[in-house]
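Each chain is listed here by its residues.
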Amino acid sequence: MKGETRMDVITKEVRGLVKKELAAANRRFRMFASAHEGQNVIREELDEVEMALEPLKFFVEIRMWNTVKGNKEVAKEELKEMMENAIHLAVEAIQLAAMLEKYERSQRNGWPGSKEMGYEKEE
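Numbering of residues begins from 1 in every chain and follows the order in which that chain's sequence is written. Only residues with pLDDT of at least 70 are given local features in this predicted model, and only at 80 or more are side-chain atom pairs given and counted; all residues enter the totals for whole chains, interfaces and linings. Hydrogen atoms and water are omitted, and side-chain values are computed over all heavy atoms in the structure.

**Brief notes about the nonpolar core**
- Side-chain atoms within 4.5 Å link the members of a nonpolar core, which is a set of buried Ala, Val, Leu, Ile, Met, Phe, Trp, Tyr and Cys residues. Each residue is assigned to one of three classes by its accessible area relative to the maximum for its type, calculated with a 1.4 Å probe on protein chains only: buried under 20%, partly exposed between the two thresholds, exposed over 50%. Counting residues in each nonpolar core, the largest one holds 17 residues, and the members touching the most others are Leu 89, Ala 98 and Met 99.
- Taken together, the elements giving at least two residues each to this core come down to α1 (6-28), α2 (35-69) and α3 (76-108).
- In this text, helices come from DSSP runs of H or I with a minimum length of four residues, and strands from runs of E with a minimum of two, each type numbered from the N-terminal end. The greatest single-element share of this core, amounting to six residues, is contributed by α3.

In structure tokens, the structure reads:
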């Protein structure tokens, strides 16, 4: 569209991926039953984002910097590996965004996961 920047286009595409991830998660798992449950799922997703970020930070701040500082070329294989790590980070971030959306919907709808048949029964 006219007036849209490349960032606007990418953001719209990412929002579409978040929607797809949310739909897939909703097919597999009920809505959140409570704020506590939703917050714990979101914390888990955030942990996964942070774990995916660590190797990238190490590469850029240590390995890449030491290579550049030594006036050497960064190995193509290392760059490809880090690109894959960056893609993994993006996937984890999309999953986090989907769970944040699920939290909002669950909250707005009165935590419907707790109202599903059999959920509150103890075995």
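**So, the packing of aromatic side chains**
- Within 6.5 Å between ring centres, the rings of Phe, Tyr and Trp (the latter by its six-membered ring) count as paired, and their orientation is classed by plane angle as stacked under 30 degrees, edge-to-face over 60, tilted in between. Scanning all chains against the criterion turns up one aromatic pair.
- On the basis of an interplanar angle of 80° and a centroid distance of 5.1 Å, the ring pair of Tyr 103 and Trp 111 is categorised as edge-to-face.
- On the accessibility criterion, Trp 111 (16% relative accessible area) is buried.
- Each ring is checked for a lysine NZ or an arginine CZ that lies within 6 Å of its centre and within 35 degrees of its normal; such an atom marks a charge sitting over the ring. Between Lys 102 and the ring centre of Phe 32, over which it is positioned, the NZ or CZ distance is 5.6 Å.

**Structural notes on the pattern of salt bridges**
- Basic side-chain nitrogens of Lys or Arg form a salt bridge, by our definition, when they fall within 4 Å of a carboxyl oxygen of Asp or Glu. Going through the model one piece at a time under the given rule, you end up with five salt bridges.
- Of the charged contacts, one joins Lys 12 and Glu 4 as a salt bridge, the two residues approaching to 2.9 Å between their closest N and O atoms.
- For the salt bridge of Glu 101 with Arg 105, the shortest nitrogen-to-oxygen distance reads 3.0 Å. With Glu 101 and Arg 105 both in helix α3 and four residues apart, the pair spans about one turn of that helix.
- The partly exposed category is assigned to Arg 105, whose relative accessible area is 29%.

**Observations concerning unusual backbone geometry**
- Phi at Asn 71 takes a positive value of approximately 55°, unusual for a residue other than glycine.
- Within the secondary structure, Asn 71 sits in the loop between α2 and α3.
- One non-glycine residue, Trp 111, adopts positive backbone phi at about 55°.
- The topology assignment puts Trp 111 in the segment after α3.

**Focus: the packing of α1 against α3**
- With their axes 8 Å apart at the nearest point, α1 and α3 run at an angle of 65° to one another. In the packing of α1 onto α3, the handedness of the crossing is right-handed. In contact with Val 14, Leu 17, Val 18, Glu 21, Leu 22, Ala 25 and Asn 26 of α1, α3 contributes Ile 94, Gln 95, Ala 97, Ala 98, Met 99, Glu 101, Lys 102 and Arg 105.
- Gly falls in the polar group here, along with every residue not listed as nonpolar (Ala, Val, Leu, Ile, Met, Phe, Trp, Tyr, Cys, Pro) or charged (Asp, Glu, Lys, Arg). Residue composition of the contact of α1 with α3, by class: nine nonpolar, two polar and four charged. Here, axes are lines fitted to C-alpha atoms. For helices the fit covers the stretch in contact, and angles between N-to-C directions go from 0 to 180 degrees. Handedness of each helix crossing follows the sense of rotation of the near helix against the far helix: counterclockwise by less than a right angle gives left-handed, clockwise gives right-handed. Note on contacts: a residue pair qualifies if any of its non-hydrogen atoms lie within 4.5 Å across the two residues.

Any functional reading would require information beyond the geometric quantities listed.
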